[in-house]
Amino acid sequence: MAHPVLVAAELKNLLEPTQLVDLDITWLAADQPTPKGDWVAIVPLLSRWVGGTEFKNMPRLRIVANCAVGYNNVDLVAAEMRGILVTNTPGVLTEATADLTWALILALARRLVEGVDLVRSGQWTGWHPEQLLGLELRGRTLGLLGAGRIGQAVGRRAPPFGLRILYTARTPKPEFERETGARRVDTNQLLADSDILSIHVPSTPETKGMINGETLARMKRGAILINTSRGDVIREEALAKSLELGHLGAAGLDVYADEPHIHRRLRAAPRTVLLPHIGSATEATRRKMAAIAIENVQSVLSGKPPLTPVYS
Ligand code: NAP
(Lines give C-alpha, C1' and ligand atoms only; values in the text may rest on other atoms or scores of the structure.)
Protein backbone atom coordinates (compact mmCIF):
# COMPACT_ATOMS: atom_id res chain seq x y z
CA MET A 1 0.00 0.00 0.00
CA ALA A 2 1.25 3.50 -0.86
CA HIS A 3 2.47 5.62 2.03
CA PRO A 4 0.49 8.80 2.76
CA VAL A 5 2.91 11.72 2.48
CA LEU A 6 2.55 15.52 2.58
CA VAL A 7 4.79 17.34 0.07
CA ALA A 8 5.17 21.06 -0.59
CA ALA A 9 3.13 21.72 -3.76
CA GLU A 10 5.82 24.12 -5.02
CA LEU A 11 8.14 21.12 -5.56
CA LYS A 12 5.79 19.33 -7.96
CA ASN A 13 7.43 20.51 -11.20
CA LEU A 14 10.90 19.65 -9.90
CA LEU A 15 10.10 15.98 -9.27
CA GLU A 16 9.74 13.09 -11.72
CA PRO A 17 6.96 10.49 -11.32
CA THR A 18 9.63 7.76 -10.99
CA GLN A 19 10.84 9.41 -7.78
CA LEU A 20 7.37 9.25 -6.28
CA VAL A 21 6.54 5.55 -6.59
CA ASP A 22 4.84 4.02 -3.55
CA LEU A 23 3.94 7.46 -2.21
CA ASP A 24 0.35 8.63 -1.85
CA ILE A 25 1.05 12.35 -2.03
CA THR A 26 -1.05 15.22 -0.76
CA TRP A 27 0.42 18.40 -2.27
CA LEU A 28 0.43 21.20 0.29
CA ALA A 29 0.76 24.81 -0.90
CA ALA A 30 2.92 27.16 1.17
CA ASP A 31 -0.06 29.37 2.06
CA GLN A 32 -2.11 26.45 3.43
CA PRO A 33 -1.88 25.51 7.11
CA THR A 34 -0.39 22.12 7.97
CA PRO A 35 -3.40 19.77 8.23
CA LYS A 36 -4.11 17.06 10.79
CA GLY A 37 -3.91 13.48 9.54
CA ASP A 38 -2.20 10.14 9.26
CA TRP A 39 0.73 11.21 7.10
CA VAL A 40 3.93 9.29 7.71
CA ALA A 41 6.22 11.90 6.13
CA ILE A 42 6.23 15.61 5.40
CA VAL A 43 8.47 17.45 2.91
CA PRO A 44 8.16 21.13 3.87
CA LEU A 45 9.73 24.27 2.45
CA LEU A 46 11.79 26.36 4.87
CA SER A 47 8.86 28.76 5.28
CA ARG A 48 6.72 26.12 7.08
CA TRP A 49 7.15 25.75 10.83
CA VAL A 50 6.99 22.11 11.92
CA GLY A 51 6.92 21.69 15.69
CA GLY A 52 5.03 20.23 18.66
CA THR A 53 1.52 21.09 17.43
CA GLU A 54 2.17 19.60 14.00
CA PHE A 55 3.66 16.46 15.54
CA LYS A 56 0.58 16.10 17.78
CA ASN A 57 -1.69 16.52 14.74
CA MET A 58 0.22 13.89 12.72
CA PRO A 59 0.56 10.98 15.18
CA ARG A 60 1.95 8.57 12.54
CA LEU A 61 4.68 10.92 11.31
CA ARG A 62 8.10 9.27 10.94
CA ILE A 63 10.16 11.86 9.06
CA VAL A 64 10.38 15.59 8.35
CA ALA A 65 12.41 15.84 5.13
CA ASN A 66 13.16 19.55 4.97
CA CYS A 67 13.82 20.88 1.47
CA ALA A 68 16.70 23.15 2.58
CA VAL A 69 20.07 22.77 4.28
CA GLY A 70 18.98 25.09 7.12
CA TYR A 71 16.42 23.49 9.46
CA ASN A 72 15.56 26.32 11.85
CA ASN A 73 11.90 25.88 10.78
CA VAL A 74 11.78 22.49 12.54
CA ASP A 75 11.59 21.97 16.31
CA LEU A 76 14.38 19.42 16.62
CA VAL A 77 13.87 18.81 20.33
CA ALA A 78 10.18 18.05 19.88
CA ALA A 79 10.98 15.80 16.89
CA GLU A 80 13.67 13.85 18.71
CA MET A 81 11.44 13.40 21.75
CA ARG A 82 8.80 11.78 19.54
CA GLY A 83 11.35 9.69 17.64
CA ILE A 84 10.68 11.55 14.39
CA LEU A 85 13.64 11.79 12.00
CA VAL A 86 14.62 15.15 10.51
CA THR A 87 16.65 15.43 7.30
CA ASN A 88 17.97 18.36 5.24
CA THR A 89 19.62 18.82 1.83
CA PRO A 90 23.30 19.59 2.50
CA GLY A 91 25.96 19.79 -0.18
CA VAL A 92 23.87 20.04 -3.35
CA LEU A 93 23.21 23.77 -2.89
CA THR A 94 26.70 24.75 -1.74
CA GLU A 95 28.11 25.92 -5.07
CA ALA A 96 24.96 27.72 -6.23
CA THR A 97 24.77 29.62 -2.93
CA ALA A 98 28.48 30.46 -3.05
CA ASP A 99 28.03 31.83 -6.60
CA LEU A 100 25.13 34.00 -5.47
CA THR A 101 27.22 35.27 -2.55
CA TRP A 102 29.87 36.34 -5.05
CA ALA A 103 27.24 38.01 -7.20
CA LEU A 104 26.45 40.17 -4.16
CA ILE A 105 30.11 40.82 -3.31
CA LEU A 106 30.89 42.00 -6.84
CA ALA A 107 27.64 43.94 -7.21
CA LEU A 108 28.37 45.92 -4.05
CA ALA A 109 32.11 46.35 -4.49
CA ARG A 110 31.58 47.71 -8.02
CA ARG A 111 28.24 49.49 -7.45
CA LEU A 112 26.49 47.50 -10.13
CA VAL A 113 22.90 48.37 -9.25
CA GLU A 114 23.66 52.10 -9.03
CA GLY A 115 25.21 51.86 -12.49
CA VAL A 116 22.20 50.03 -13.91
CA ASP A 117 19.86 52.59 -12.33
CA LEU A 118 21.89 55.47 -13.78
CA VAL A 119 21.73 54.07 -17.31
CA ARG A 120 18.02 53.22 -16.97
CA SER A 121 17.21 56.71 -15.72
CA GLY A 122 18.58 58.31 -18.88
CA GLN A 123 20.68 60.64 -16.67
CA TRP A 124 24.08 59.18 -17.59
CA THR A 125 26.16 61.90 -19.20
CA GLY A 126 29.18 59.80 -20.19
CA TRP A 127 32.46 58.46 -18.80
CA HIS A 128 33.74 60.39 -15.81
CA PRO A 129 36.95 59.59 -13.93
CA GLU A 130 35.21 59.78 -10.56
CA GLN A 131 31.91 58.18 -11.44
CA LEU A 132 30.69 55.29 -9.27
CA LEU A 133 34.08 54.53 -7.81
CA GLY A 134 34.05 51.16 -6.09
CA LEU A 135 36.25 48.98 -3.94
CA GLU A 136 39.33 47.38 -5.51
CA LEU A 137 39.26 43.79 -4.24
CA ARG A 138 42.95 43.01 -4.71
CA GLY A 139 44.78 43.23 -1.39
CA ARG A 140 41.60 43.50 0.68
CA THR A 141 40.34 41.10 3.34
CA LEU A 142 37.35 38.80 3.02
CA GLY A 143 36.00 37.66 6.39
CA LEU A 144 33.88 34.51 6.59
CA LEU A 145 31.63 34.31 9.62
CA GLY A 146 31.20 30.54 9.53
CA ALA A 147 33.32 28.34 7.26
CA GLY A 148 31.35 25.16 6.69
CA ARG A 149 30.36 23.96 3.24
CA ILE A 150 29.15 27.31 1.86
CA GLY A 151 31.60 29.55 3.71
CA GLN A 152 34.52 27.51 2.37
CA ALA A 153 33.09 27.46 -1.16
CA VAL A 154 32.88 31.27 -1.01
CA GLY A 155 36.46 31.37 0.29
CA ARG A 156 37.77 29.10 -2.47
CA ARG A 157 36.59 31.62 -5.05
CA ALA A 158 38.51 34.48 -3.34
CA PRO A 159 42.25 33.93 -4.14
CA PRO A 160 41.93 34.72 -7.87
CA PHE A 161 40.50 38.12 -6.85
CA GLY A 162 43.59 38.74 -4.72
CA LEU A 163 41.67 38.70 -1.43
CA ARG A 164 43.17 37.62 1.89
CA ILE A 165 40.81 35.33 3.83
CA LEU A 166 40.02 35.30 7.53
CA TYR A 167 37.38 33.02 9.03
CA THR A 168 35.66 31.94 12.19
CA ALA A 169 34.26 28.48 12.85
CA ARG A 170 33.90 26.35 15.95
CA THR A 171 36.56 23.98 14.62
CA PRO A 172 39.70 24.70 12.54
CA LYS A 173 39.73 23.86 8.82
CA PRO A 174 43.36 22.91 8.04
CA GLU A 175 42.67 21.74 4.50
CA PHE A 176 40.79 24.93 3.63
CA GLU A 177 43.67 26.93 5.13
CA ARG A 178 46.22 25.02 3.02
CA GLU A 179 44.16 25.45 -0.11
CA THR A 180 43.39 29.16 0.22
CA GLY A 181 45.82 30.61 2.77
CA ALA A 182 42.83 31.42 5.01
CA ARG A 183 43.50 32.13 8.68
CA ARG A 184 41.18 31.31 11.60
CA VAL A 185 40.68 34.25 13.96
CA ASP A 186 38.28 35.16 16.76
CA THR A 187 35.09 37.06 16.04
CA ASN A 188 36.54 40.36 17.31
CA GLN A 189 39.40 40.23 14.85
CA LEU A 190 37.13 39.10 12.04
CA LEU A 191 34.88 42.11 12.59
CA ALA A 192 37.76 44.55 12.91
CA ASP A 193 39.84 43.36 9.94
CA SER A 194 37.31 42.46 7.23
CA ASP A 195 36.72 44.78 4.28
CA ILE A 196 34.00 42.37 3.20
CA LEU A 197 32.25 40.27 5.86
CA SER A 198 30.18 37.36 4.56
CA ILE A 199 27.87 35.45 6.91
CA HIS A 200 27.64 31.64 6.64
CA VAL A 201 26.59 30.44 10.09
CA PRO A 202 23.25 28.69 10.53
CA SER A 203 20.46 30.26 12.54
CA THR A 204 20.79 28.88 16.07
CA PRO A 205 20.15 30.34 19.54
CA GLU A 206 23.87 31.29 19.64
CA THR A 207 24.00 33.01 16.25
CA LYS A 208 20.67 34.86 16.37
CA GLY A 209 21.31 38.61 16.50
CA MET A 210 25.09 38.10 16.35
CA ILE A 211 25.34 41.08 14.01
CA ASN A 212 23.83 43.91 16.05
CA GLY A 213 24.53 47.55 16.87
CA GLU A 214 27.51 46.66 18.99
CA THR A 215 29.16 44.21 16.55
CA LEU A 216 28.43 46.49 13.57
CA ALA A 217 30.23 49.32 15.38
CA ARG A 218 33.30 47.08 15.64
CA MET A 219 33.42 46.60 11.86
CA LYS A 220 35.69 48.71 9.67
CA ARG A 221 34.18 51.97 8.50
CA GLY A 222 33.08 51.48 4.89
CA ALA A 223 33.07 47.66 5.08
CA ILE A 224 30.66 45.59 3.01
CA LEU A 225 28.36 43.12 4.78
CA ILE A 226 26.90 40.11 2.93
CA ASN A 227 24.33 37.67 4.27
CA THR A 228 23.21 34.59 2.35
CA SER A 229 22.69 32.40 5.44
CA ARG A 230 19.66 33.22 7.59
CA GLY A 231 18.12 36.63 8.23
CA ASP A 232 17.82 36.49 11.99
CA VAL A 233 21.61 36.42 12.42
CA ILE A 234 21.38 40.18 11.79
CA ARG A 235 19.39 42.76 13.75
CA GLU A 236 17.90 44.51 10.73
CA GLU A 237 17.13 47.85 12.33
CA ALA A 238 20.69 48.16 13.65
CA LEU A 239 22.01 47.36 10.17
CA ALA A 240 19.76 50.01 8.62
CA LYS A 241 21.01 52.55 11.17
CA SER A 242 24.65 51.75 10.46
CA LEU A 243 24.03 52.24 6.72
CA GLU A 244 22.14 55.49 7.32
CA LEU A 245 25.01 56.84 9.45
CA GLY A 246 27.53 55.82 6.80
CA HIS A 247 29.51 53.56 9.13
CA LEU A 248 28.88 50.42 7.11
CA GLY A 249 29.78 50.89 3.44
CA ALA A 250 27.12 48.64 1.91
CA ALA A 251 25.04 45.54 2.56
CA GLY A 252 24.00 42.69 0.29
CA LEU A 253 21.29 40.45 1.67
CA ASP A 254 19.46 37.40 0.36
CA VAL A 255 17.70 36.51 3.61
CA TYR A 256 15.63 38.34 6.24
CA ALA A 257 14.44 37.77 9.79
CA ASP A 258 10.72 37.66 8.92
CA GLU A 259 10.45 36.70 5.24
CA PRO A 260 8.91 37.94 3.04
CA HIS A 261 8.59 41.02 5.28
CA ILE A 262 11.69 43.22 5.26
CA HIS A 263 12.14 45.83 7.98
CA ARG A 264 10.94 49.08 6.38
CA ARG A 265 14.00 50.98 7.56
CA LEU A 266 16.27 48.40 5.94
CA ARG A 267 14.31 48.50 2.68
CA ALA A 268 14.79 52.28 2.63
CA ALA A 269 18.45 52.23 3.71
CA PRO A 270 21.15 53.46 1.31
CA ARG A 271 23.71 51.27 -0.51
CA THR A 272 21.97 47.92 -0.31
CA VAL A 273 21.31 45.12 -2.73
CA LEU A 274 18.34 43.16 -1.39
CA LEU A 275 17.52 39.84 -3.05
CA PRO A 276 14.44 37.62 -2.55
CA HIS A 277 16.12 34.53 -0.99
CA ILE A 278 17.49 33.03 -4.22
CA GLY A 279 20.78 31.61 -2.92
CA SER A 280 20.11 28.08 -4.19
CA ALA A 281 17.90 29.14 -7.09
CA THR A 282 19.30 27.35 -10.11
CA GLU A 283 17.17 24.74 -11.80
CA ALA A 284 19.78 22.02 -11.36
CA THR A 285 20.20 22.73 -7.64
CA ARG A 286 16.49 23.02 -6.89
CA ARG A 287 15.89 19.67 -8.64
CA LYS A 288 18.65 18.06 -6.57
CA MET A 289 17.24 19.51 -3.34
CA ALA A 290 13.76 18.14 -4.09
CA ALA A 291 15.28 14.78 -5.09
CA ILE A 292 17.27 14.41 -1.87
CA ALA A 293 14.28 15.33 0.27
CA ILE A 294 12.17 12.62 -1.45
CA GLU A 295 15.03 10.09 -1.34
CA ASN A 296 15.21 10.59 2.42
CA VAL A 297 11.49 9.86 2.66
CA GLN A 298 11.73 6.77 0.42
CA SER A 299 14.70 5.44 2.36
CA VAL A 300 13.07 5.79 5.78
CA LEU A 301 9.72 4.41 4.63
CA SER A 302 11.44 1.35 3.22
CA GLY A 303 13.09 0.70 6.58
CA LYS A 304 16.53 2.08 5.71
CA PRO A 305 18.38 4.92 7.45
CA PRO A 306 17.93 8.45 6.10
CA LEU A 307 20.60 9.72 3.68
CA THR A 308 21.17 13.12 5.25
CA PRO A 309 19.92 13.15 8.85
CA VAL A 310 20.20 16.36 10.85
CA TYR A 311 20.96 14.35 14.00
CA SER A 312 21.76 10.72 14.56
P1 NAP B 1 27.51 24.16 7.53
O2 NAP B 1 28.35 23.36 6.59
O3 NAP B 1 26.88 23.48 8.69
O4 NAP B 1 28.39 25.40 8.03
C5 NAP B 1 28.03 26.22 9.11
C6 NAP B 1 29.27 26.92 9.63
O7 NAP B 1 28.89 27.75 10.73
C8 NAP B 1 30.35 25.98 10.17
O9 NAP B 1 31.63 26.48 9.88
C10 NAP B 1 30.12 26.00 11.69
O11 NAP B 1 31.27 25.73 12.45
C12 NAP B 1 29.70 27.44 11.87
N13 NAP B 1 28.91 27.63 13.09
C14 NAP B 1 27.83 26.94 13.49
N15 NAP B 1 27.38 27.41 14.67
C16 NAP B 1 28.21 28.41 15.00
C17 NAP B 1 28.27 29.27 16.12
N18 NAP B 1 27.39 29.19 17.11
N19 NAP B 1 29.27 30.18 16.14
C20 NAP B 1 30.17 30.25 15.14
N21 NAP B 1 30.15 29.45 14.06
C22 NAP B 1 29.18 28.55 14.00
O23 NAP B 1 26.30 24.84 6.74
P24 NAP B 1 26.27 25.29 5.19
O25 NAP B 1 25.83 24.17 4.33
O26 NAP B 1 27.53 26.01 4.89
O27 NAP B 1 25.06 26.33 5.26
C28 NAP B 1 25.12 27.49 6.08
C29 NAP B 1 23.77 28.15 6.18
O30 NAP B 1 23.45 28.77 4.95
C31 NAP B 1 22.59 27.16 6.39
O32 NAP B 1 22.40 26.89 7.76
C33 NAP B 1 21.42 27.86 5.74
O34 NAP B 1 20.65 28.46 6.73
C35 NAP B 1 22.05 28.90 4.83
N36 NAP B 1 21.69 28.73 3.42
C37 NAP B 1 21.05 29.73 2.77
C38 NAP B 1 20.75 29.60 1.43
C39 NAP B 1 20.07 30.68 0.66
O40 NAP B 1 19.22 30.37 -0.17
N41 NAP B 1 20.38 31.93 0.89
C42 NAP B 1 21.09 28.43 0.73
C43 NAP B 1 21.76 27.44 1.43
C44 NAP B 1 22.05 27.59 2.77
P45 NAP B 1 31.95 24.25 12.42
O46 NAP B 1 32.44 24.07 11.00
O47 NAP B 1 33.07 24.33 13.36
O48 NAP B 1 30.87 23.29 12.78
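Above: the structure in question.
Conventions adopted
- Residues numbered from 1 in each chain as written.
- Predicted model: local features only at pLDDT ≥ 70, side-chain atom pairs only at ≥ 80, totals over all residues.
- Heavy atoms only, no water.
- Buried < 20%, exposed > 50% of the residue type's maximum accessible area, 1.4 Å probe, protein only.
- Helix = DSSP H or I, 4+ residues; strand = E, 2+ residues; numbered from the N terminus.
- Contact = heavy atoms within 4.5 Å.
- Salt bridge = Lys/Arg side-chain N within 4 Å of Asp/Glu carboxyl O.
- 1 Å grid on protein atoms, 1.4 Å probe; cavity = no way out; pocket = protein on both sides within 12 Å on 5 of 7 lines; lining within 4 Å.
- Points joined across faces, edges and corners; volume = space filled by probe spheres on them.
- Nonpolar A, V, L, I, M, F, W, Y, C, P; charged D, E, K, R; others polar.
- Core = buried A, V, L, I, M, F, W, Y, C linked by side-chain atoms within 4.5 Å.
- Pairing = 2+ DSSP bridges.

## Brief notes about helix α5 (residues 149-156)
Think of an α-helix as turning once every 3.6 residues; residues three or four places apart then point the same way.
Alright, step 1. α5 sits mainly inside the fold: six of its eight residues count as buried.
Alright, step 2. For α5, the secondary structure elements touched by its buried residues are α3 (94-109), β6 (141-145), β7 (164-168) and α6 (174-180).

## Re the pattern of salt bridges
Alright, step 1. Enumeration according to the criterion identifies 13 salt bridges in this entry.
Alright, step 2. Of the charged contacts, one joins Lys 220 and Asp 195 as a salt bridge, the two residues approaching to 2.9 Å between their closest N and O atoms. With Lys 220 in the loop between α8 (213-217) and β10 (224-227) and Asp 195 in the loop between α7 (187-193) and β9 (196-199), this pair connects stretches of sequence that are 25 residues apart.
Alright, step 3. By relative accessible area, Lys 220 is classed as partly exposed at 31%.
Alright, step 4. With relative accessibility at 9%, the residue Asp 195 sits in the buried group.
Alright, step 5. Two residues, Arg 265 and Glu 237, come together in a salt bridge whose shortest N-O distance is 3.1 Å. Pair noted here: Arg 265 is in helix α10 (residues 264-268) and Glu 237 is in helix α9 (residues 236-245), with a separation of 28 residues, a long-range link.
Alright, step 6. A relative accessible area of 23% means that Arg 265 is categorised as partly exposed.
Alright, step 7. Glu 237 gets classed as partly exposed once you look at its relative accessible area, which sits at 39%.
Alright, step 8. Here the salt bridges do not stand alone but share partners, grouping Glu 95, Asp 99, Arg 156, Arg 157 and Glu 179 into one network.

## Some details on the layout of surface pockets
Alright, step 1. If you add up the space inside the second largest pocket, you get close to 360 Å³.
Alright, step 2. Leu 108, Arg 111, Ile 224, Gly 249 and Ala 250 are the residues nearest the centre of the second largest pocket, which is lined by 23 residues in total.
Alright, step 3. Broken down by secondary-structure element, the contributors of at least two residues to the lining of the second largest pocket are α3, α4 (112-121) and β12 (272-274).
Alright, step 4. It is α4 that contributes the most residues to the lining of the second largest pocket, four residues altogether.
Alright, step 5. Split by residue class, the lining of the second largest pocket holds eleven nonpolar, four polar and eight charged.

## With respect to the nonpolar core
Alright, step 1. Grouped together as the largest cluster of nonpolar side chains are 51 residues, with contacts concentrated most on Leu 11, Leu 142 and Ile 196.
Alright, step 2. For Ile 196, the residues in contact, after removing those within four places along its chain, are Ile 105, Leu 135, Leu 137, Thr 141, Leu 142, Gly 143, Leu 163, Ile 224 and Ile 226.
Alright, step 3. Grouped together as the second largest cluster of nonpolar side chains are 25 residues, Leu 166, Ile 211, Leu 243 and Tyr 256 included.

## Observations regarding the pairing of strand β1 (residues 3-8)
Alright, step 1. The element β1 is extensively covered by neighbouring structure, given that five of its six residues are classed as buried.
Alright, step 2. Sheet topology places β1 next to strand β2 (residues 23-28); six bridges connect them, and they run parallel. Within β2, the position partnered with Val 5 by the bridge is Ile 25.
Alright, step 3. Sheet topology places β1 next to strand β3 (residues 41-43); three bridges connect them, and they run parallel.

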